[in-house]
Amino acid sequence: MIGQKHKKRIFSGVQPTGNIHLGNYLGAVKNFVKLQSGGNEALFCIVDLHAITVWQDPKVLRSSIRELAATFVACGLDSNKSILFSQSQVSGHAELAWIFNCIARMGWLNRMTQFKDKAGKNKENASVGLFAYPALMAADILAYHATHVPVGEDQKQHLELTRDIAMKFNNDFQVLNFFPIPEPIIEETAPRIMNLRDGSKKMSKSDSSDMSRINVQDDNDLIALKIRKARTDQEPIPEEVSFLEKRPEAYNLVNIYASLVNCSPEDVLRDFSGKPFSYFKPRLVELLVSELEPISKKIKELLEQPEEIDKILNDGATSARKISDPIIRSTYEILGLTKNLE
Ligand code: TYM
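Since the model is a prediction, treat every value here as computed from it, not as a measurement.

### Re the pattern of salt bridges
1) Next: With the rule as written, the count across this model stands at 17 salt bridges.
2) Next: Salt-bridge contacts for R213 lead to D210; the nearest nitrogen and oxygen are separated by 3.5 Å.
3) Next: Here E249 makes a salt bridge to R231, at a shortest N to O gap of 3.8 Å. Here R231 lies in the loop between α9 (220-229) and α10 (248-261) and E249 lies in helix α10, a separation of 18 residues in the sequence.
4) Next: The network of salt bridges with common partners includes D210, R213, D218 and K226.

### Remarks on the packing of aromatic side chains
Think of a pair of aromatic rings as described by two things: how far the centres are apart, and how the planes are tilted against each other in angle.
1) Next: The full count for this structure, using the stated rule, is 15 aromatic pairs.
2) Next: Judged by centre distance (4.5 Å) and plane angle (15 degrees), the rings of F32 and F44 are stacked. Of the two residues, F32 sits in helix α1 (residues 22-36) while F44 sits in strand β2 (residues 41-46), which places them 12 residues apart along the sequence. As far as burial versus exposure is concerned, F32 and F44 are alike and both buried.
3) Next: When the ring of Y257 is compared with that of F272, the centres are 5.3 Å apart and the planes differ by 75 degrees; the resulting orientation is edge-to-face. Of this pair, Y257 sits in helix α10 while F272 sits in helix α11 (residues 265-272); the two residues are 15 residues apart in sequence, bridging distant segments of the chain. Both residues of the pair, Y257 and F272, count as buried.

### Observations regarding the side chain of N252
1) Next: Relative to the assigned elements, N252 resides in helix α10.
2) Next: Given the relative accessible area of 4%, N252 is considered buried.
3) Next: When neighbours within four sequence positions are excluded, N252 is seen to be in contact with R192, I193, M194, N195 and L196.

Criteria and thresholds
- Residues numbered from 1 in each chain as written.
- Predicted model: local features only at pLDDT ≥ 70, side-chain atom pairs only at ≥ 80, totals over all residues.
- Heavy atoms only, no water.
- Salt bridge = Lys/Arg side-chain N within 4 Å of Asp/Glu carboxyl O.
- Helix = DSSP H or I, 4+ residues; strand = E, 2+ residues; numbered from the N terminus.
- Phe/Tyr/Trp six-rings, centres within 6.5 Å; stacked < 30°, edge-to-face > 60°.
- Buried < 20%, exposed > 50% of the residue type's maximum accessible area, 1.4 Å probe, protein only.
- Contact = heavy atoms within 4.5 Å.

See below:
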């Protein structure tokens, strides 16, 4: 495994912390669906060990894991094309995370903006897991020698840390190329979907106002209400994207539209320039409803067959272990540790 050339392998994860929102969908999951085709080997993981870095009610967590699995499938992920599983099913993630805790430096983790945002003023009371979270994320990726990681822009810093960990490990133990240096794949039109009420913040599960985000399972009336109430300004839609730079809320809606129809923001402006947002918003609602309604319906259907979902995850975990077990074993050997997996 040392000095090897790595074949293209895709890995990404989503936290099972309730209903996913449009940012997760356009910034990540929709991209996963594209990437699973074209002969790429791909693993998509429900990162439940990440979720417990903050308190989770065990019963709710259990159903959120199933719900996210159903959402993956309803969005178009196909267990015949990619490996779908949850993180806690494959113990290699936690094992490698410990090793990476010993590779990553305090200074590196201290720079992580997400920890600062999530811990807020009460840093002393945050869990150690929340601080060490990026080392677990590095383990998720590198346990599979993944080379490409589709994520939203907010995860870029964590991915840079993953690269640093991989380089330091390879260098410290003189194992050239043992861990690949993974590349992010960031969706162009949806790198960062913004909050509908405040265009300076990203759309997020943790915002206290549900009106700030569209959830994939929102019903049609709620989607219409949220878009109607989404903040914009009095100006009409401009001709050029550069005129949207100081209008973050307007820019966000144009970007969402572009991402839904797979075109560029320029294309959207070509069709709508000069029109007021009162004209644009109902068109955006139509698009959102036609994209999300079938997904919600499918999620509900799938949740009626929990044993099917569990089977997908169990089979996925078996396939995932087949890839990661030998990598973890080699990692132990490199470190001078013994591991008997059989
Ligand atoms: P999470 O669960 O917060 O988000 C899942 C994915 O959605 C993307 N995303 C967004 N994209 C665009 N606009 C937004 N407003 C927006 N909000 C979220 C995220 O960038 C992510 O791609 N740490 C990760 C999960 C993780 C992971 C991994 C990802 C754990 N291990 C290994 C990749 C590889 C997280 O909390 O994502």
